[in-house]
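Listed below are the residues making up each chain.
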Amino acid sequence: IRHLLTAGDEAMALFAASDAVEHYESAKKLLGRERGPGEPPAAKIEHLYANLGRSYELSGEWEKARATYLSMLSASRNEREPALECAALNRLAILLVQRFGDIGAATDLLEEALEVAEKSGDRAARAETEWNLAQMAIHGWDPNAADAHAEKALELARQLGLEELAARSLDTLGISHNFAGRWEECVARTREAAALYARMEDRGPGSVAAQYLLVGSPPSDALHNRAMEAQCLATVAVAEVNRGELAASVRAGRAALKIGREINNEWTQALAATNLSQGLIEEGQLGEALRTAQEGARLARTLPDPVLPLIALYAAGNAHQAMLGLEEARTVYRESLEVAATLPRPWSHLIVSRLCANRALAGDREAAHRYALDSMRIRDAAPARLMWLDFVRHHEIEALLRGGE
């Protein structure tokens, strides 16, 4: 089993996912024998199931990945291994959101995992689960809950000396600040996290068992750390735009995109290109902004998680609109709005506000007025001080005035 796991890990590091599956499946067959002296400890079993599931994800075989994590859950309960049970529940939760967009069901699994971790006294499992609950709260556009879970994960990670989890928690805390409209705090936290990842290189606690929703399925610790560094820088890029630091935004976005290309991670490239384009638009580099945004949209359309296609299409629409390609922008915004309908309501605000501007620029006052009213309702109900990239409210004000408001 040890040799098969090593062979599978080597194949994963080379992106040879089908070879990795073969090695891990062979190791899994050996586990079918009765447990006895000399059998692998729970950590080895977790390594096997987590990496087998990850190799199926890299191969695009999502149902097989799901079956693997369900087998992991069953094995953990049969062997009364709470750490393995927590890991299985966390992996299933991430898959449910990445592939099926089911935030509610994923949160239920994580609440179950948290209960298991607390009963067993496993603080590392609790920290991991708190971090994933923060991710779910971010996708659900609940920055206050995200902040609370991320702070708890960070506290536990630091107490336990888990450097990689501390970096992940800092990044997630930064993103929760972004969703709450606290740009200064977002930049500080995510830059700290990016610096930690840059120093870690290939050091990590087997972090292929942990997964950020927007970096895909990195197959090794080194590639995970690089993807997370890029994720941090991409968040810095959008936060810097929001506080008006355009040069800093573009530098961070370019650095994130460079890393994504170096590690051949399409998820990271899509996110980085999307966020870079926002800074380029505001700087007036419209040709490059459009090319970059279209690259992000092309990549994001191939990915299962709904958030990346939504924000990538939104960015492409913004680039078209900045160049007064109003019909092209409107088409892309509508496509993005269809994706937003599968997510909590505040996600729609990004697109609705821009559609108001689009119709105002096109002279369609009636439609602009409708979108302005809708945008106001979403913004007023959102749990945020400021909405990010909310830069076209002057068009809403005009539309409201012309509509008699």
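All of these numbers come straight from a predicted model, not from anything done at the bench.

## Notes on the pattern of salt bridges
So, point 1. All told, the structure shown has 31 salt bridges when counted by the stated rule.
So, point 2. Of the charged contacts, one joins Glu295 and Arg261 as a salt bridge, the two residues approaching to 2.9 Å between their closest N and O atoms. Within this pair, whereas Glu295 is found in helix α14 (residues 286–300), its partner Arg261 is found in helix α12 (residues 246–262), the two being separated by 34 residues in sequence.
So, point 3. On the basis of relative accessible area, Glu295 is assigned to the buried category, the value being 17%.
So, point 4. With a closest N to O distance of 3.6 Å, Glu366 and Arg370 form a salt bridge.

## Observations regarding the nonpolar core
So, point 1. Residues Leu310, Trp347 and Trp388 are the most contacted members of the largest nonpolar core, which totals 132 residues.
So, point 2. Top element by residues in this core is helix α5 (residues 82–100). It accounts for 11 residues.
So, point 3. Each residue touching Trp347, except ones within four places of it in the same chain, is listed here: Ile138, His139, Trp141, Phe179, Val307, Leu310, Ile311, Ala340 and Trp388.

## Quick word on helix α7 (residues 123–139)
Note that an α-helix has 3.6 residues per turn; residues three or four places apart therefore point the same way.
So, point 1. Taking 1.5 Å per residue as the helical rise, α7 with its 17 residues ought to reach 24 Å, and the 25 Å between its terminal C-alpha atoms agrees with that figure.
So, point 2. Of all 17 residues in α7, 13 are buried, a share of seventy percent or more.
So, point 3. Where α7 begins, one side-chain oxygen reaches toward the backbone nitrogen of Ala124, 3.2 Å away; that side chain belongs to Asp122.
So, point 4. Within two residues after α7, Trp141 carries a phi angle of roughly 55°, on the positive side.

## Quick notes on the confidence of the model for the chain
So, point 1. Per-residue confidence for the chain averages 92 on the pLDDT scale, and 96% of its residues sit at or above 70.
So, point 2. Helix α3 (residues 42–58) is the least confidently modelled element of the chain, averaging 87 in pLDDT, while α12 averages 98, the highest of any element.

## Some details on the environment of Arg123
So, point 1. Mapped onto the fold, Arg123 is located in helix α7.
So, point 2. Ignoring any residue separated from it by four or fewer positions in sequence, one finds Arg123 in contact with Leu156, Gln159 and Leu160.
So, point 3. Polar side-chain contacts of Arg123 include one of 2.9 Å to the side chain of Gln159.

## Quick look at empty space enclosed by the protein
Summary: where empty space remains is shown by rolling a probe the size of a single water molecule over the atoms.
So, point 1. For the coordinates displayed, the defined rule picks out 1 cavity of 30 Å³ or more.
So, point 2. The wall of the largest cavity is formed by 18 residues, among which Ile175, Phe179, Leu214, Leu271 and Ile311 lie closest to the centre.
So, point 3. At the level of secondary structure, the elements contributing two or more residues to the lining of the largest cavity comprise α7, α9 (163–180), α11 (221–242), α13 (266–283) and α15 (307–322).
So, point 4. Taken together, the residues that form the lining of the largest cavity break down as 12 nonpolar, 6 polar and no charged.

The rules behind each value
- Chains are numbered independently. Their residues run from 1 in the order of the written sequence.
- Side-chain atom pairs in this predicted model are given and counted only at pLDDT of 80 or more, local residue features only at pLDDT of at least 70, and totals for whole chains, interfaces and linings cover all residues.
- The side-chain numbers reported here are obtained from all heavy atoms of the structure, hydrogens and water having been left aside.
- One speaks of a salt bridge when a side-chain nitrogen belonging to Lys or Arg is within 4 Å of a carboxyl oxygen belonging to Asp or Glu.
- Numbering of helices and strands runs from the N terminus; a helix is a DSSP stretch of H or I covering at least four residues, while a strand is a stretch of E covering at least two.
- Think of it in three bands: residues with accessible area under 20% of the maximum for their type are buried, residues over 50% are exposed, and the middle band is partly exposed, with areas taken using a 1.4 Å probe on protein chains only.
- We call a set of buried Ala, Val, Leu, Ile, Met, Phe, Trp, Tyr and Cys residues a nonpolar core when their side-chain atoms join them within 4.5 Å.
- Note on definitions: a residue-residue contact is assigned when non-hydrogen atoms from the two residues lie within 4.5 Å.
- To estimate the expected span of a helix, count its residues, drop one, and scale the result by 1.5 Å.
- For this analysis, a polar contact is any N or O atom pair within 3.5 Å, provided that within protein one partner can donate a hydrogen and the other can accept it, and provided that sequence-adjacent residues contribute only side-chain to side-chain pairs.
- Per residue, pLDDT measures the predictor's confidence, with a range of 0 to 100.
- Using only the protein atoms, space was sampled on a 1 Å grid; points where a 1.4 Å probe fits but cannot get out form cavities, open sets with protein on both sides within 12 Å along at least five of seven lines form pockets, and lining residues are those with an atom within 4 Å of a point.
- Grid points are joined across faces, edges and corners, and a volume is the space filled by probe spheres set on the points.
- Gly counts as polar in this scheme, as do all residues outside two lists: the nonpolar Ala, Val, Leu, Ile, Met, Phe, Trp, Tyr, Cys and Pro, and the charged Asp, Glu, Lys and Arg.

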